[in-house]
Structure formats: C-alpha cells, structure tokens
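One-letter residues, chain by chain:
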Amino acid sequence: MKQIIVACNSGLGTSLMIRLNIEAIMREIGMQVAVEHTDFTSLKAHNAKLVVCSAYIMDSIEDAEDIEIIGLDDIMDRQYLKDELMKSIVFQEWLSEIE
Amino acid sequence: MNAAQWFNNGVFGEPALILGIIALIGLLLQKQSAQKVMSGTIKTMLGFKLIQIGANETGSSLSNMSAVIQNSFQIIGIIPHNETITAMAQMNYGEEIAVIMLIGMVVHLIIARLTPIKYIFLAGHHMLFMSAMLASLLISSSLESWVTMVLGGIILAICMTFSPMISQRYVRKVVGGDQMAIAHFNSVGYLLSGFVGSLFKSKKKDVQAPPLKKTKLSGFFQDHMVVIFIFTFLLFLSASIFAPSGSIASMFAGRHFLVVSIIQATWFAGGCYIVLAGVRMLLAEIVPAFKGIADRIVPGAIPALDCPVLFNYAPIAAVTGFLLSFAGGIAAMAVMLQLQFTVIIPGVVPNFFSGGAAGVIAYHMGGKKGLVAASLLHGFVLSLLPVFLVPLLSNLGYLRVTFADIDFSVVGIIVDAIMGLFQ
C-alpha cells in the first residue's frame, strides 16, 4: 500500500496541516495514498517509504537507506509541496505505476 | 425518563459521545465515504479514552514526584505541561470541555464570517487546552452548567480570534506578509518578545537580520519523549540526592533511588505519550472538518497555524530562544524559591515551542541582542505567570501540573477578575 507519513514535533499541529495539503494534492491527481500524521518519537514505528516534515526537523531524522525524506521550507505553499513530491523518487515510482 | 433526561444521561453525560457526534457531523458534511465516516467517528472517541488512560498514568507518576520533591526540598513543585493538565481536567469536566470546544469553534467561524477579523485558528490541540482551562476556571464560580458551557465557548472563540491578531503585528514581519498567522496561546509572550526585540533594532532602516546557518544542535531536543524522560529522571534524581537518608527507600518499597528515578521517568513519559496519541486521534477528524467548513464559509480567511511553522524562518534563533527561555525560567524558579512555597519548575516542552517561536520573532525584530534580551525575559515570564493561575484552578484538586503558555495564565486571570465583579 502506498503510504506517506507526515511528522512534526508532537504530531498535533504542523503535521496535520501538511497532511491536509498532501491529501488535497492526491485528490487533484487522483492517486490513492494513505497519509498519516505522527510525532517525531513514533516516526520509525511506521515503516514508511516516504516521510514529509518541515526542514527544521529533517536534519534530526537519522538517515535510513530505504526511507526518503522530504523537508519543507514552506509549510503552507501547496504548489511548492507538489513540486517537491514530484521530484521525489518514491513518488515518481508510484506515478509510473498508475500510468 | 423524558427526552431531556435521556439527553443528559445519554449523550451529554458522555463526552466521548459528544466528540464522536462532532466528528460524525464533520465527516458527513465533507461527504466522506461510509467507511471513512465510521472509522473517523470511532477513532475520535478512542482518542478521548486514550487521554483518560494516559491521565491516570501521568497522574500516578506525578503524585510520586511531588511527594519526593516535597520530602527533599519542602516545596510544592508544579510542572507546566498542557497535555497532562488537560487530560486531568478531562477526567472531571470532559463534558463541559467538549461542549465549550464545539461552541467555541462555531462562534469563531461566525466572528470570522461577519467581522473583518479573518483569522481561522487551526491548532486544534490549543483549542482543547483552552477549553480545559476555561471549564476548570468557570466551574468554580458555581454557574449553571449550561451557562458555563456557553460562556466558556464564547470566551474560547474570542481567544481564538484575538490571539492570532495580537501576535500578527510581529509575525507578519517574520513571514513577510499576511498569508498566515500563528495559532498558539502564547500570543502575549510573542507580543512581549517582539516588543523587547524591537528595542534593539539597528539604526539602519529596513536591514533584514542576516539568515543564520542551520545546525544539528537541536537534533536531540526534537524527540520530546526522550526529553521528557531525561527531564523527569533528572528531577527525581536531584530530589533523591537531597532526600533525607533512607526516605526514598521507605517510600518506594526499599528500592534504590536510581532505579526509582528511571522507572518513574519512564512511567511519566509513557503516560505523556499516551495522552499525546489520544489528543492526536481525537483531533485528526475534527480539525480537517473545521478547516473544510471555514474554507467554504469564510472568504479571504487567514489560516493561523501552530507555532513551529516559524522555526524554519530562523532555525538557530529558535534553538537559542529555547535555551535562553529555559535559562530565564530557571531564574524565575530561583526567585520563587526565595519568596514562597509553591514553585513552577520550568518545563522543557513549553520552552521549546513558545521559547523557540518567541526567539524567531525577537531575532527578526532586533537581531542577536534583541534575541538574547527578549528570550531571557520571555522565559522568566513564561515560568512565573502560572503561579497566579494555579490557585484559580483549585477545584481541579491539588494537582502538581498546570497550563504552560502565557495566554492561559493571562486569560485565566482576566476572566477570573471579570467574574469577580459579578459576584
């Protein structure tokens, strides 16, 4: 199943807002993806391939080989978020699957 | 049983059900699939239950901690932590909190729709915290239950509208426009740090503060469960070291204080984690529904978001703001130790969020000097103010935890003073 995890410090505010933006983009391009928001502590338990977070906490996530992390400089800009997703390797794989 | 009784003992007697119904209506309004409607409603109710379970656990650990601190230092130590105090308040006033939050959201949307103040407060957890504070405060004034809820809801809505507006004066300078605002009940603190920062403004006009380089210094502090564990562990440990000999062993069935400190710290952090997961689950459907409705009925709305959005604008200032704010809190604690019996122990989590965002604002207004001065003062006020809030919430019982951010204390004191006029 395609899954995107959105993380922030407590998993309450910022991550939920990013999640809403991602869900809107997914509806726009017609892709079925489960988007969950979570806190920094639980991040690893999710086993996701693609993680989205703010650039501020991106540096603190330990690098893992099979996880791709997108760190956002601007949390509210949906077009920027879409561009960043389109650049992502995992996301491009998903796109090629539905085409 | 008549309809009113059925209503009171059935739906309104159970806050989990009220919140479930709010989520259900929200999901139906968004025309979600039947499966999503059902899972979302169930998860909202589950979230409420998780908060209660977490409240029990953090409560047990906290009462142990306050016993140890009182035994060693002869003071009452109070920890400011929004999630924990809200969970405690929900055990007694869950129904009032749920209804206040619902009324608050509706009135807030009406204000945004009808007046030129177009901020939409999107930090659901802070709505929940403020509802909990208002419920705990208003119940002590022995009003009728429905008056408490309606009044609480209206005050919450006013807070949700004015808090982003108050800080926007400085937030606008940081983010470079009115595309967003900050929804975090520390706006008086942001106003303070923005003002103090601007006193240090360089003489040259319109010189942007140079962007600071990024750092990994903050990495360790990002994982709040680890931070809460270490903080609680150190508190227990230092209290144990100063304890009269043998008293820790006699309090905890003969165990060594090092073991006790580790176990108690895991207990508290574990409880906090459950509460946090509960708050997240509770709001995961309610906030999107709220935003969806706001998008439809409030044209030109300015979304107000949780404070970490500011961190990206000056990451080092955020880290420095956090550390200096904490230092200011230690100073406030030292002052309180000299003056009285009740002492607020500066919390890591509120200083991380409020101190960090205040640091970003201060840095943008007044450069490095402004950052240092404003952060120290902000931390001092942040840790001092809850002292005045604690006695107002006495009908919650003798809890050793309270609300952290500045607006909770300020709103609590103002509302209490106004209520005093009418009694």
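See the structure above.
All figures in this text were calculated on a predicted structure; none of them were measured in a lab. (Residues numbered from 1 in each chain as written. Chains lettered and ligands numbered in written order. Predicted model: local features only at pLDDT ≥ 70, side-chain atom pairs only at ≥ 80, totals over all residues. Heavy atoms only, no water.)

Quick word on the overall build of chain B
Item 1. Helix and strand counts for chain B stand at 15 helices and 6 strands.
Item 2. Projected onto its principal axes, the C-alpha positions of chain B cover 65 × 60 × 50 Å.
Item 3. Looking at chain B as a whole, 56% of its 423 residues are labelled buried.
Item 4. Across chain B, every contact between residues at least 6 apart in sequence was considered, and the portion connecting residues at least 24 apart equals 82%.
Item 5. Carbon and sulfur atoms make up 69% of the accessible area of chain B, which totals about 17400 Å².
Item 6. In chain B, the 23 positive side-chain charges and the 15 negative ones have mean positions that sit 15 Å from each other. (Helix = DSSP H or I, 4+ residues; strand = E, 2+ residues; numbered from the N terminus. Buried < 20%, exposed > 50% of the residue type's maximum accessible area, 1.4 Å probe, protein only. Contact = heavy atoms within 4.5 Å. Areas by Shrake-Rupley, 256 points an atom, 1.4 Å probe, with all protein chains shown as cover. Lys, Arg positive; Asp, Glu negative; His and termini not counted. Charge placed at Lys NZ, Arg CZ, Asp CG, Glu CD.)

Side note on helix α1 (residues 14-29) of chain A
Residues and elements named next belong to chain A.
Item 1. An ideal rise of 1.5 Å per residue puts 22 Å on 16 residues; α1 measures up with 23 Å between its terminal C-alpha atoms.
Item 2. Where burial is concerned, most of α1 is hidden: 12 out of the 16 residues are buried.
Item 3. Of all the positions in α1, only Thr14, Ser15, Leu16, Met17, Ile18, Arg19, Leu20, Asn21, Ile22, Ala24, Ile25 and Met26 are classed as buried. (Expected span 1.5 Å × (residues − 1).)

Side note on the interface of chain B and chain A
Item 1. Taken together, the contact between chain B and chain A spans 34 residues of the former and 26 residues of the latter.
Item 2. When chain B packs against chain A, close to 2600 Å² is buried across both sides, 59% of that on carbon and sulfur atoms.
Item 3. Taking the shortest distance from any N to any O, the salt bridge between aspartate 39 of chain A and arginine 280 of chain B comes out at 3.3 Å.
Item 4. Mapped onto the side of chain B that touches chain A, the elements with two or more residues apiece are α8 (219-222), α9 (224-241), α11 (257-297), β4 (302-305), α12 (315-339) and α13 (348-384) of chain B. (Buried area = accessible area lost by both parts, 1.4 Å probe. Salt bridge = Lys/Arg side-chain N within 4 Å of Asp/Glu carboxyl O.)

Quick word on the sheet that holds strand β2 (residues 119-121) of chain B
Item 1. The parallel open sheet is built from 3 strands, whose spatial order is β2-β4-β3 (chain B). Both edges of this open sheet fall to β2 and β3 (181-182) of chain B, since each of them pairs with a single strand only. (Pairing = 2+ DSSP bridges.)

Points about a nonpolar patch on the surface
Residue and element names in this part refer to chain B.
Item 1. The grouping of Trp146, Val150, Ile154, Ile158, Phe162, Met165, Ile166 and Leu191 at the surface amounts to a nonpolar patch, some 640 Å² of accessible area in total.
Item 2. Here the nonpolar patch takes 7 residues from helix α6 (residues 145-175), the largest share from any one element.
Item 3. The residue leucine 191 is located in helix α7 (residues 187-198) in this model. (Patch = residues over 30% accessible without salt bridge, like charges linked within 9 Å, V, L, I, M, F, W, Y side chains within 5 Å.)

Things to note about the side chain of asparagine 186 of chain B
Item 1. Looking at the secondary structure, you find asparagine 186 of chain B in the loop between β3 and α7.
Item 2. Contact partners of asparagine 186 of chain B, with chain neighbours within four places excluded, come to Ser354, His378, Leu382, Asp405, Ile406 and Asp407 of chain B.

Focus: the packing of aromatic side chains
The description of an aromatic ring pair rests on the distance of the ring centres and on the angle between the ring planes.
All names here are of chain B.
Item 1. Within the structure shown, the criterion is met by 11 aromatic pairs over all chains.
Item 2. Consider the rings of phenylalanine 121 and phenylalanine 185, whose centres lie 4.8 Å apart with planes at 20 degrees: the pair is stacked. Placement of the pair is phenylalanine 121 in strand β2 and phenylalanine 185 in the loop between β3 and α7, with a sequence separation of 64 residues. With respect to burial, phenylalanine 121 and phenylalanine 185 carry one shared label: buried.
Item 3. Residues phenylalanine 229 and phenylalanine 233 carry aromatic rings whose centres are separated by 6.1 Å and whose planes lie at 5 degrees to one another, so their mutual orientation is stacked. (Phe/Tyr/Trp six-rings, centres within 6.5 Å; stacked < 30°, edge-to-face > 60°.)

Some remarks on the packing of α9 of chain B against α13 of chain B
Residues and elements named next belong to chain B.
Item 1. Where α9 contacts α13, the axes come no closer than 9 Å and their chain directions differ by 135 degrees. Overall, the two elements α9 and α13 adopt an arrangement that is oblique. Residue-level inspection shows His224, Val227, Ile228 and Phe231 of α9 in contact with α13, the latter providing Val348, Val349, Phe352 and Phe353.
Item 2. Tallied by class, the residues present in the contact of α9 with α13 amount to 7 nonpolar, 1 polar and no charged. (Axes fitted to C-alpha atoms, helices over the stretch in contact; angles between N-to-C directions. Parallel < 35°, antiparallel > 145°, perpendicular 65-115°, else oblique. Nonpolar A, V, L, I, M, F, W, Y, C, P; charged D, E, K, R; others polar.)

Description of unusual backbone geometry
Item 1. Positive phi, close to 60 degrees, is recorded for asparagine 47 of chain A, a residue that is not glycine.
Item 2. By the element assignment, asparagine 47 of chain A lies in the loop between β2 (34-39) and β3 (50-54).
Item 3. Residue class for asparagine 47 of chain A comes out exposed when judged on its relative accessible area of 69%.
Item 4. Of note, the phi angle at lysine 31 of chain B is positive, near 55 degrees, even though the residue is not glycine.
Item 5. Inspection of the secondary structure assignment puts lysine 31 of chain B in the loop between α2 (15-29) and α3 (34-73).
Item 6. Judged by its relative accessible area of 71%, lysine 31 of chain B is exposed.

Side note on the pairing of β4 of chain B
Residues and elements named next belong to chain B.
Item 1. Judged by which residues are buried, β4 turns out to be covered on both faces: Ile302 and Ala304 on one side and Pro303 and Leu305 on the other are all buried.
Item 2. When β3 meets β4, the two strands line up parallel, connected through 2 bridges. Note that in β4 the partner of isoleucine 182 across the bridge is leucine 305.

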